[in-house]
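# Analysis of the macromolecular model
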Amino acid sequence: MSLVIRPCHDGGLTALRALARDPSLAREFEPLQTDAGFDDLMGDPHLPRELRWIAWLDGTPAGFCFCFLAPTHVGSFAMARLGVVEPFRRRGVATALLAATCAAIEPIRERHGLRELSVSAWEANPAAEAFATRHGFRHARDFWRMERPRGPVGTPVWPAGVSLRIFDGSEPALLDFNDAYNRAFAEHYHFMRTTPEETRAVVVQSHFRADGVALAYRDAACVGFCRNARFGEAGEVAVIGTVPEARAIGLGRALLRWGVAWLQDDDASPIYLMVDGENEGALRLYRSEGFQVARTRHHWSRPVTGT
Ligand SMILES: CC(C)(COP(=O)(O)OP(=O)(O)OC[C@H]1O[C@@H](n2cnc3c(N)ncnc32)[C@H](O)[C@@H]1OP(=O)(O)O)[C@@H](O)C(=O)NCCC(=O)NCCS
């Protein structure tokens with residue numbers, strides 16, 4: 001048996017796309033099932049090209065890994081996404097891909113203040129769980145995909161002094177959005193800090209819809225936002241947040257209603273969002289607006305300490 005791990009440069013993306021669409025991996029890699037979703041994910045500013053690999057088993061593509069590197073509160077964390085097609089499992093392919101990932105992040109560990117490596121999978125996935133445990137990862141967090149059936153949605157009630165502006169693509173609006181996002185999520189688990197340049201890269205992606213972004217202003221300050229995204233038939237309330245000084249005034253609920261109404265008007269189905277299973281406030285809000293947990297995503301984590 002010959003097992004070779006090769007970097008996946010742009011020329012290798014066709015092989016990666018084909019692997020990700022194998023029926024044995026399609027559920028785990030849902031965003032890669034459409035060409036637009038695939039291109040967006042591969043173009044994600046937090047996914048360095050040098051952290052992508054394809055595993056070849058006896059000359060046939062058998063699996064892949066791509067690894068996000070995201071600056072967070074202090075330093076950064078890495079999130080490896082591994083997939084091995086069914087016939088090639090239990091032959092050490094994912095183990096070799098993980099080893100390639102670890103070898104590649106070691107030389108950049110200090111520069112990025114890298115502290116943690118994560119893997120994740122949808123429940124139920126005994127293979128992923130066993131693989132994570134075998135490699136020293138511990139369960140760290142669950143995220144929920146919540147869905148809302150189409151139906152009547154409440155009218156947004158904007159708190160006093162708050163007005164809504166639809167994202168106009170201008171530089172000041174982009175900077176407001178980037179800044180409000182960083183402030184709103186600063187305390188969150190696996191917060192991904194973004195620079196204006198990274199936000200600029202997102203607004204040119206296929207799933208991005210400028211008219212699907214609402215920015216809430218109080219006086220001259222952007223204090224909240226809701227960004228919707230379309231992935232094929234489905235529609236996601238992709239990012240929603242309010243800055244600390246604009247919480248508990250009903251702004252989150254108003255933004256959520258705006259987002260759901262926008263997606264319904266755009267004929268999205270289903271409408272969903274992802275939420276940290278320990279974010280009690282957000283969970284209460286989403287449940288009260290008709291969202292229910294549809295799937296659970298487990299995250300496992302292991303410290304990156306250097307060799
Ligand atoms: C999880 C996955 C990546 C493992 O790939 P793989 O190439 O089969 O993994 P390896 O052969 O390197 O397995 C290494 C160890 O993990 C554990 N393991 C992997 N799959 C397992 C399974 N189905 N049952 C029990 N243990 C398992 C074992 O300890 C194994 O060592 P062993 O075969 O010597 O007992 C693969 O099943 C997969 O692609 N699943 C769908 C995508 C996915 O879940 N991705 C998230 C990964 S965290």
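Just so it is clear, the model here is predicted, and its values are computed rather than measured. (Residues numbered from 1 in each chain as written. Predicted model: local features only at pLDDT ≥ 70, side-chain atom pairs only at ≥ 80, totals over all residues. Heavy atoms only, no water.)

Time to look at helix H1 (residues 13-20). Looking at H1, one finds that the buried residues are Leu13, Leu16, Leu19 and Ala20. When H1 is viewed along its axis, its buried side chains cluster within an angular range of 120° and face the same direction. In this structure, H1 carries Thr14 and Ala18 as exposed residues pointing more than 90 degrees from its buried face. Contacts made by the buried residues of H1 are with helix H2 (35-42), strand E2 (52-57) and strand E3 (60-71). (Buried < 20%, exposed > 50% of the residue type's maximum accessible area, 1.4 Å probe, protein only. Helix = DSSP H or I, 4+ residues; strand = E, 2+ residues; numbered from the N terminus. Arc of directions from axis to C-beta. Contact = heavy atoms within 4.5 Å.)

With that settled, consider the domain arrangement of the protein chain. In terms of domain boundaries, the protein chain breaks down into domain 1 (3-142) and domain 2 (150-289). Using only C-alpha atoms to locate each centre, domain 1 and domain 2 end up separated by 28 Å. Counting residues at the interface gives 19 residues for domain 1 and 20 residues for domain 2. Of the roughly 1700 Å² buried between domain 1 and domain 2 on both sides combined, carbon and sulfur atoms contribute 54%. Ranking the residues of domain 1 by area buried against domain 2 places Asp40, His73 and Arg141 at the top, with a combined share of 36%. Where domain 1 touches domain 2, the interface holds 2 salt bridges. Among the elements of the structure, H2, E3, strand E4 (76-84), strand E5 (114-122) and strand E6 (138-148) are those that each provide at least two residues to the side of domain 1 that touches domain 2. (Domains from an automatic or database assignment. Buried area = accessible area lost by both parts, 1.4 Å probe. Salt bridge = Lys/Arg side-chain N within 4 Å of Asp/Glu carboxyl O.)

One broad rule of soluble globular proteins: the nonpolar side chains tend to lie buried together. With 49 residues, the main nonpolar core has Leu16, Met42, Phe64, Phe66 and Leu117 as its most contacted residues. Taken together, the elements giving at least two residues each to this core come down to H1, H2, E2, E3, E4, helix H3 (93-105), E5 and helix H5 (126-134). Here this core takes 8 residues from E3, the largest share from any one element. Residue contacts for Leu117: discarding those within four places in its chain leaves Cys67, Ala78, Ala80, Leu98, Cys102, Ile105, Phe137, Trp300, Ser301, Arg302 and Val304. Listed in part, the 44 residues of the second largest apolar core include Ala180, Phe208, Val243 and Phe291. (Core = buried A, V, L, I, M, F, W, Y, C linked by side-chain atoms within 4.5 Å.)

When we look at a pair of aromatic rings, we describe it by the centre distance and by the angle of the planes. One pass over the full model with this rule turns up 13 aromatic pairs. For the ring pair Phe167 and Phe208, a centre distance of 5.9 Å and an interplane angle of 85° mean the geometry is edge-to-face. Pair noted here: Phe167 is in the loop between strand E7 (162-166) and helix H6 (171-185) and Phe208 is in strand E8 (residues 208-218), with a separation of 41 residues, a long-range link. Across the ring face of Phe38, the terminal group of Arg17 is positioned such that the distance to the ring centre comes to 5.2 Å. (Phe/Tyr/Trp six-rings, centres within 6.5 Å; stacked < 30°, edge-to-face > 60°. Lys NZ or Arg CZ within 6 Å of the ring centre and 35° of its normal.)

Now for H6. End to end, H6 covers 21 Å across 15 residues, agreeing with the expected 21 Å (1.5 Å per residue, within 8%). Considered for burial, the residues of H6 that qualify are Ala173, Leu174, Phe177, Asn178, Ala180, Tyr181, Asn182, Ala184 and Phe185. (Expected span 1.5 Å × (residues − 1).)

Sheet topology places E5 next to strand E12 (residues 292-303); 7 bridges connect them, and they run antiparallel. The residue bridging Glu116 from the neighbouring strand is Pro303, located in E12. In the sheet, E6 pairs with E12 via 9 bridges, with the strands oriented antiparallel. Paired with Glu147 across the bridge in E12 is Gln292. (Pairing = 2+ DSSP bridges.)

Opposite charge on two side chains allows them to pair when their charged atoms are near. The final tally for this structure, using the stated rule, is 19 salt bridges. Linked by salt bridges that have partners in common, Glu30, Arg145, Glu147 and Arg295 make up one network.

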